[in-house]
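# A structural walkthrough
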Amino acid sequence: MKLLQHLKSLGATVSLAGLLALSPAYAADLIIGSSTEPSALDPHFSRTGNNQNIAAQIFDRLISPDPNLQVTPALAESWQNVDPTTWRIKLRSGVTFQDGSPLTAEDVIFSLNRVKDIPNSPAPFTGNIGSIASMTIVDPQTIEFKTKNPTPDFIEQVGLVYIVQKKLAEGKTIEAFNDRSAAIGTGPYKVKEWVPGDHITLVRNDAYWGKKPAFENVTIKFIANDAARVAALRSGSVDLIDAVPPGDVKTLSGVGGVKLWSIPSARVVYLALDASRDESPFVVGADGKPLNPNPLKDVRVRQALSKLINRQLIVDRILDDAGEAAGQIVPDGIGGADPSLKAPAADPEGAKKLLADAGYPQGFGLTLHTSNDRFPGDAESAQAIGQMFARGGIKVNGVVAQPYNVYASAAGKQQFSAFIFSLGTTTPTSATSLRNLLMTPNKDAGTGSFNRTRYSNAQFDEKMKVATSEFDPQKRIALLQEATRVAMNDVGVIPLFWPKVYWASKANVTYTANRGEDLMATLAGTAQ
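Residues numbered from 1 in each chain as written. Predicted model: local features only at pLDDT ≥ 70, side-chain atom pairs only at ≥ 80, totals over all residues. Heavy atoms only, no water.

### As for the overall build of the protein
On a plain count of helices and strands, the protein comes out with 16 helices and 22 strands. In terms of C-alpha radius of gyration, the protein reaches 23 Å, essentially the compact-globule figure of 24 Å for 528 residues. The principal-axis extents of the C-alpha atoms in the protein amount to approximately 65 × 55 × 40 Å. Every one of the 528 residues in the protein was classed for burial, and the buried ones make up 59%. Partitioning the contacts of the protein with sequence separation of at least 6, the portion at a separation of at least 24 is 72%. If you average the places of the 53 positive and of the 52 negative side-chain charges in the protein, the two averages end up 1 Å apart. (Helix = DSSP H or I, 4+ residues; strand = E, 2+ residues; numbered from the N terminus. Rg over C-alpha atoms; globule rule 2.2 N^0.38 Å. Buried < 20%, exposed > 50% of the residue type's maximum accessible area, 1.4 Å probe, protein only. Contact = heavy atoms within 4.5 Å. Lys, Arg positive; Asp, Glu negative; His and termini not counted. Charge placed at Lys NZ, Arg CZ, Asp CG, Glu CD.)

Next up, the structure:
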């Protein structure tokens, strides 16, 4: 039996401590300008970044990654892999919720069970608990888990789920969290006020079990407009902003009293294609009616659309070189990245031939959808792709950009045909991202949680099952690469680019850039 406290070959997305600090002269309050706002305070409602950035301040999870996505203990003090289908997790002692109630094993089991039944979630946590066969309380601080199959990355799966208080959340809906009555976690900050569309205010939890939070009060202002967010920092009305537009990086680097923080992201921006249905609402013929059969079901059409996209041009012109063209889901440095899968070069003539071979020499009608406030360049990238498609013979009937809160929900309900989305890998391997994004959706198995197009490839699924059951790290990486090649050759999605992400702050605020892209993580830094 081997005690696993720091899994260097695995990982999980959990709140990061110590990302922010302040100088001795700095005030005890912090004001942040955020590009997005949460759709709910229920930490189980959505795994999208806008929700998780807030949830990480109020609630904790079992494990936590460092800024480079390596796993460290959090509410789970340690974990033990007893045999291929048995795990024991030891909880940290002395942890209390913000109302003084002690953290118990019952709270953990309740939280893991609760995520199965969250209605209308645009990005559910079901994939994180799909491997669980049973949970048994061994003693007040120890839980034994049985898994359905050997699951080497078990701790990074269950470790991603936020732990809520059973007595407050049992039988409650999202409204109980939004009115703050159930939004009481073990995290470093308490919710004082949430004004949707404007701001959220947090106050320090002085009884926090971890490093003492650096700030007494934190106000997050929701400023979706890039120019307005940058102006707010330059005017001094906010102390820190996220999602610095690439075009403003050079300007801000020359502004006195402002610091820039950056890191290459593990988030892939991709184009999703509705290839699972015989008819798709925005794939139309010359008469404006949905085509049947849906041309996106043909792999040659999907390959053609990929060849029509000049990824490097998007990186150069829209991102101002702050990114890397992508040909797969994860970048170099993440286990499972396949060095053979380079970003495809633009090939309009090759694309036209593929369309003709598929029976669409004159193309077809298509509408693109995108968010306009999720990441720098989202709407502009969609416009550029629309122009590239049009030059390749596709009749682009429109490029529709929407606020992310509206857009994410609609994408999950299959209301689009071709849409830009992103997926942040927050673990040291590609297993979680591949499982959630491209495996056939199966709630019981915990697969396809983010598979908004209902893509399904039996060969890919089988290779993923083998890969995610392999305990040998090197063999698992090779198997993940094999699975990735299957999905990318089938164009399950069209990877576009990995952005380089930037934050900017006043000079007396110290921020730790992190590959998980947390805006503020737990804000648990100490004053300098």
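### Quick word on the packing of aromatic side chains
Under the definition given, this model contains 13 aromatic pairs. Centre to centre, the rings of tyrosine 407 and phenylalanine 416 are 5.3 Å apart; their planes meet at 20 degrees, and the pair counts as stacked. Neither residue differs from the other here; tyrosine 407 and phenylalanine 416 are each classed as buried. What links up through ring pairs into an aromatic cluster is the set Tyr404, Tyr407, Phe416, Phe419 and Phe421. Here arginine 374 stacks its cationic end above the ring of tyrosine 404, 5.4 Å away from the centre of that ring. (Phe/Tyr/Trp six-rings, centres within 6.5 Å; stacked < 30°, edge-to-face > 60°. Lys NZ or Arg CZ within 6 Å of the ring centre and 35° of its normal.)

### Digging into the packing of helix α15 (residues 458-467) against helix α16 (residues 473-489)
One can describe the packing of α15 onto α16 by two numbers: an axis separation of 9 Å at closest approach and a directional angle of 170 degrees. Considered as vectors, α15 and α16 are oriented roughly antiparallel to each other. Touching Gln459, Phe460, Lys463, Met464, Val466 and Ala467 of α15 are Arg476, Leu479, Leu480, Glu482, Ala483, Val486 and Ala487, all from α16. Split into classes, the residues belonging to the contact of α15 with α16 amount to nine nonpolar, one polar and three charged. (Axes fitted to C-alpha atoms, helices over the stretch in contact; angles between N-to-C directions. Parallel < 35°, antiparallel > 145°, perpendicular 65-115°, else oblique. Nonpolar A, V, L, I, M, F, W, Y, C, P; charged D, E, K, R; others polar.)

### So, the pattern of salt bridges
One pass over the full model with this rule turns up 17 salt bridges. Aspartate 206 is the salt-bridge partner of arginine 204, the closest N and O atoms lying 3.2 Å from each other. Taking the relative accessible area as the measure of exposure, aspartate 206 reaches 62% and is therefore exposed. One salt bridge connects aspartate 490 with arginine 302, and the closest N-O pair in it is separated by 3.1 Å. On the criterion of sequence distance, the pair formed by aspartate 490 in the loop between α16 and β21 (494-506) and arginine 302 in helix α9 (residues 299-308) is long-range, its members being 188 residues apart. Accessibility classification places aspartate 490 together with arginine 302 in one group, the buried group. Among the charged side chains, a salt-bridge network with shared partners connects Arg204, Asp206 and Glu216. (Salt bridge = Lys/Arg side-chain N within 4 Å of Asp/Glu carboxyl O.)

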